[in-house]
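An overview of the molecular structure
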Amino acid sequence: MKSCCLPSVTRSLTPLVTLESLGVLAMVGLCVSIAPVSAQDRTPSFAHEVRPILSDRCFGCHGPADQESELRLDTFEGATDWAIVPGDADGSEVITRALLPDDDELRMPPVHSGKDRLTTTEIDILRRWITAGAEYEEHWAFTPITRSELPAEENGPTMIDRFVAERLADEQLGFLPEANRATLLRRVAFDLTGLPPSPEMAQAFLADESADAYETLVDRLLASPRYGEHMARFWLDAVRYADTHGKHFDNYRAIWPYRDWIIRSFNANKPYDEFLVEQLAGDLLPDAGAEELVASGYNRCNLTTAEGGVIEKEIYTDNVRDRTDTFGTVVLGLTVACAKCHDHKYDPITQKDYYSLFAFFNSLDGGPNDGNQADHAPAMRVPQPNQSKKLASLQGERADLRRRLLRSDAAMNAAQARWEATLAGLGDADLADITLNTPRVLATDWLWAGPFPSVISDVNNAHTPAETSAFDRDQKFALRDGRTVSWRPRPDWIDGRTHYVLPGGVGSNILRRTVTVTEPTEIEIALGSDDSVRVYLNRQEVHKRHESRAVQPGEDRLTLSLKAGENELLIGIGNHGGPAGFHFEFLRGAVTLPAEAIELASIPAESRTDEQEQLLRELFRWRSQAFPELVELRSQIAASEIQAAQIDRDTPVTLIYRERSEPREAFVLNRGEYDSPGERVDRATPGFLPPMDERLPLDRLGLAKWAVSPENPLTARVAVNRFWLQVFGVGLVKTADDFGSQADPPSHPELLDWLGAEFVESGWNVKGMMRRLVMTRAYRQQSAATADRWDQDPENRLLARGPRFRLDAEALRDQALAVSGLLVNRLGGPPVRPPQPVGLWEAVAYTGSNTARFVADTEREKIHRRSIYTFHKRTAPPPQLLVFDGPTRESCTVRRERTNTPLQALLLMNDPQFFEAARALAEELLDRYLDDTDRAAWLVERCTGRSATDEEVAEIAAAVADEKARYAQAPGAAEALLSVGDVERTPHDNTVEAAAWTLMANLALNLDEVVTKN
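Fair warning: this is a prediction, and the values are worked out from it, not measured in the lab.

Parameters and conventions
- Residues numbered from 1 in each chain as written.
- Predicted model: local features only at pLDDT ≥ 70, side-chain atom pairs only at ≥ 80, totals over all residues.
- Heavy atoms only, no water.
- Salt bridge = Lys/Arg side-chain N within 4 Å of Asp/Glu carboxyl O.
- Helix = DSSP H or I, 4+ residues; strand = E, 2+ residues; numbered from the N terminus.
- Buried < 20%, exposed > 50% of the residue type's maximum accessible area, 1.4 Å probe, protein only.
- Pairing = 2+ DSSP bridges.
- Axes fitted to C-alpha atoms, helices over the stretch in contact; angles between N-to-C directions.
- 1 Å grid on protein atoms, 1.4 Å probe; cavity = no way out; pocket = protein on both sides within 12 Å on 5 of 7 lines; lining within 4 Å.
- Points joined across faces, edges and corners; volume = space filled by probe spheres on them.
- Nonpolar A, V, L, I, M, F, W, Y, C, P; charged D, E, K, R; others polar.
- UniProt positions renumbered as here; feature names shortened; annotations may be inferred.
- Core = buried A, V, L, I, M, F, W, Y, C linked by side-chain atoms within 4.5 Å.
- Contact = heavy atoms within 4.5 Å.
- Parallel < 35°, antiparallel > 145°, perpendicular 65-115°, else oblique.
- Left-handed = near helix turned anticlockwise from the far one by under 90°.

Some words on the pattern of salt bridges
Applying the stated criterion across every chain, the model contains 71 salt bridges. Asp737 serves as the salt-bridge partner of Arg895, at 3.6 Å between the closest nitrogen and oxygen. Taken as a pair, Arg895 in the loop between α32 (879-882) and α33 (902-910) and Asp737 in the loop between α24 (715-728) and α25 (749-761) lie far apart in primary sequence, 158 residues in all. With a relative accessible area of 29%, Asp737 lands in the partly exposed category. One salt bridge in this structure joins Arg896 and Glu810, with 2.7 Å as the shortest N-O distance. Of the two residues, Arg896 sits in the loop between α32 and α33 while Glu810 sits in helix α29 (residues 809-819), which places them 86 residues apart along the sequence. For the pair formed by Arg896 and Glu810, the shared burial category is buried. When salt bridges with common partners are traced through the structure, they connect Arg233, Asp237, Asp808, Glu810, Arg889, Arg896 and Arg898 into a single cluster.

Observations regarding the sheet that holds strand β12 (residues 556-562)
Spatial ordering of the open sheet is given by β7-β14-β9-β12, a layout of four strands whose pairing is antiparallel. The open sheet has two edge strands with one neighbour each: β7 (498-502) and β12. When strand polarity is set aside, the average angle formed by the axes of neighbouring strands in this sheet is 30°. Two elements, β7 and strand β14 (residues 580-586), share three bridges in a ladder whose sense is antiparallel. Bridge pairing links Leu502 to Ala580 in β14.

Topic: empty space enclosed by the protein
This model, assessed by the stated rule, comprises 12 cavities of 30 Å³ or more. Around the largest cavity, the lining is made up of 15 residues, and of these Glu810, Ser867, His872, Leu881 and Arg889 lie nearest the centre. Here the element with the most residues in the lining of the largest cavity is helix α10 (residues 225-238); it accounts for three residues. Here the residues of the lining of the largest cavity sort into five nonpolar, four polar and six charged.

Structural notes on the UniProt feature "domain: Cytochrome C Planctomycete-type" (unreviewed entry) in the chain
Per the UniProt entry, the sites bearing "domain: Cytochrome C Planctomycete-type" (unreviewed entry) are residues 58-110 in this numbering. End C-alpha atoms of residues 58-110 are separated by 10 Å, and the span's content is 26% helix alongside 0% strand.

Focus: the nonpolar core
The nonpolar side chains of a soluble globular protein tend to be buried with one another. Grouped together as the largest cluster of nonpolar side chains are 127 residues, with contacts concentrated most on Tyr214, Trp235, Tyr258, Phe327 and Phe759. Per-element accounting of this core gives the leading share, nine residues, to α24. Excluding its chain neighbours within four sequence positions, the residues that come into contact with Phe759 are Tyr272, Ala716, Ala719, Val720, Phe723, Trp764, Asn765, Val766 and Met769.

Observations regarding the packing of helix α34 (residues 912-928) against helix α38 (residues 991-1004)
Two elements in contact, α34 and α38, have axes separated by 8 Å at closest approach and are oriented at 120°. In terms of their interaxial angle, α34 and α38 are classed as oblique. You can see that α34 and α38 cross each other, and the crossing is right-handed. Contacts from Phe915, Ala918, Arg919, Leu921, Ala922, Leu925 and Leu926 of α34 reach α38 at Glu993, Ala994, Trp997, Thr998, Leu999, Ala1001 and Asn1002. Split into classes, the residues belonging to the contact of α34 with α38 amount to 10 nonpolar, two polar and two charged.

Considering the pairing of strand β10 (residues 532-537)
By the criterion of burial, β10 is predominantly enclosed, with six of the six residues buried. The alternating pattern of β10 places Ser532, Arg534 and Tyr536 on one face and Val533, Val535 and Leu537 on the opposite face, and all of these are buried. Between β10 and strand β11 (residues 540-545), which pair antiparallel in sequence order, lie two residues; one of them, Asn538, sits at a positive phi of approximately 50°.

As structure tokens, this is what we get:
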């Protein structure tokens, strides 16, 4: 067994030490690009051999964007104008100038360009190509995807293997033997779930001697919920998903339901074309529901800011560019961002092409400034299954209570008749004529409009249309997210009670009623609000209180000067976040009654409609204090509404995309400057790619359907290449983020096209594609290889051995938690905050940010969840992930780097969570076995997935004996060691033994074969 704190990414140049030394070995890798061997009598491929040379050395000055000396080498017409003579290499200026000495100013590429001069091999390729006629071909990535002809069947057991075997044969190589079953099990478990196999899975697979045992294992892994979590991680890198806005305050962003949608989609094997369309334009789909709207959050993952002094037009431009660039990379695999200031230097993407794409993403129905809000519009609430179930239950409960409240009852009906008779005498009479027991102030029930979402900086100001427009009972108020709200009667909001039923979140709720008096009157009222309050009497602001507070009765008292007759009373409750509520009461008697009640009571009972009868009954039953049963029913209804309101406040919110009713205009921005618009452009796809079907709408939905159309040459190629990258460690196209002229040519071009065609024809079946990849002989072969094979294929581009590379950051942490039994496998939910070093957030945060201070969760159900659920703050990403090359998520990342650094070794050996996992491993083996040799064998098997050798068991037992002797002399040190971590440990009678085995488990979790996918 090989020990190494840092796994090898490429071939080691130093022999690995064995467990005998229990040493730590930092490995050094050698990366050399691989290119096919070219026969001297073969005409070089323009697409795969010639164009890459011209693109790298020449296109910067003589390409699509610039043509110095009026020379353009990216087209046949331009190149053959004077620089290339087809059939005559010696007479071609390209060859002549490439051979000039470095001190000659005519040498190409010139010294000042910073480009290396052409090598002898490269010049030979150009010579043979020109001699053969200098035929130009379209760049391979821009040609239609066609199903390549399959190589001979004897080349490999699967169709993919035939292509790989043919290329290996060209290099006088072949497949290696299949890896042993334990290695293969661990390899495929990590590639399909991001986790090591469970002991139960390992036992079942290793005991299954059937011919289809591996195939059965693969299907089981693909059906696991862990598969979706693992696949989602790569996608979230690409779309730069994070839990904060990214700039300035870097406040919390509510968008995790989008992350869960991604996980569900992979688990459900949603076809990739639907997966893309719903994210790019879910809000534009016919009959778009909650799922499609949540998916549109893809378009809201860009960085945003609310920094004071920012120019709105500038951040609007930055936001839209971010979306445009991400679409270019994630979907098309192109560096479209290179064309935002000028035409692309290497690819046929013009600046006009760029801003025509930009126009698809520039019409968000919301402001570019995030207001430091978690849910800046447009956003929507996303009840979780348990919340939906509870809300439905409460709704049914209230419906039943209301039926009971309004049921026919002789005594109540008689009391209502007497009440109606009192009202019926009012008519248009002066209120002074009412009996002495009738108050002289008549107030209607409350009408409510809202909530009106806002930002905290605006919520304290009168800004809602319900406050500023003339009252119209039937008016509908349009919100920025496309919804509407209207005036709704609330007869249940009885004066003198505190009501916690206003929707939460940042925004305003507006209450309205009329108050009628017989003569000018001053009346005192008491108010309570959560948070700020504004009061208007007859459209004049008479009171304002701006502060964050919980609602309490009588927080504010004020006197209203009422005019004779009807007065309009408006109250605006501004909420700063969290729960919202209010309290209102008159401090001397008043009747709260809708104005139409008197009119209805005056209609003879036999002449009333059913609706009028129902309304009168409601008015009476909601007010009568004469019947304890009614009082109790109203109390139960209020309690149910409070519960529902609390659930509503706790319901997750997620950012979504919603299109403006009228698209914004778009312009080519001169030199990319936001304030320098040039030519106006319409929405359009890049001119060098197949055009959009005229039947498609010219919006994001049309763009999405164009992207997944069979004619698009890029989308399927880009997708299958990234799946290949996930499994084999490097894509068929190494530059997975760039399929343009500067891209590395594909190692197996025919295979890439075959996979692209197969993916589309399979119905964009992602699980089917992943299954194909891991079933290949290329994947299942052993990763150990001879030195000669390593030298011939150092990056494994030929697939001369099985994939072997260090696990990604998330897999390293999740593995430690999984093998130690600590991992909490709960699917979805809000982000969690496992412990991290003190002060990381504080070092980069503004004190006013709500992510200025890191407060770790303490519950095991949170701190031991998978890393995909870890709270990701963009300006200070989780250190356990960042140290192992996890991206900051500030920009699109489809290909992570893999580095080996001393800091990584320090983290694996000393991070409290990794040490916690080691302690849990030690606790389990101490509980399982009494003998140290049995413990050693179990530890090796649990961490590596294979059986331990006798030598390894003996070495571990001897090392543990040494540690026991050391800790026996320093029991305090043993106690201190076992105290590391944030979770309470299981007490042990023998702390010396527990400490010794904890150290050994810590070492086991750092072995090279544990932190590496072999």
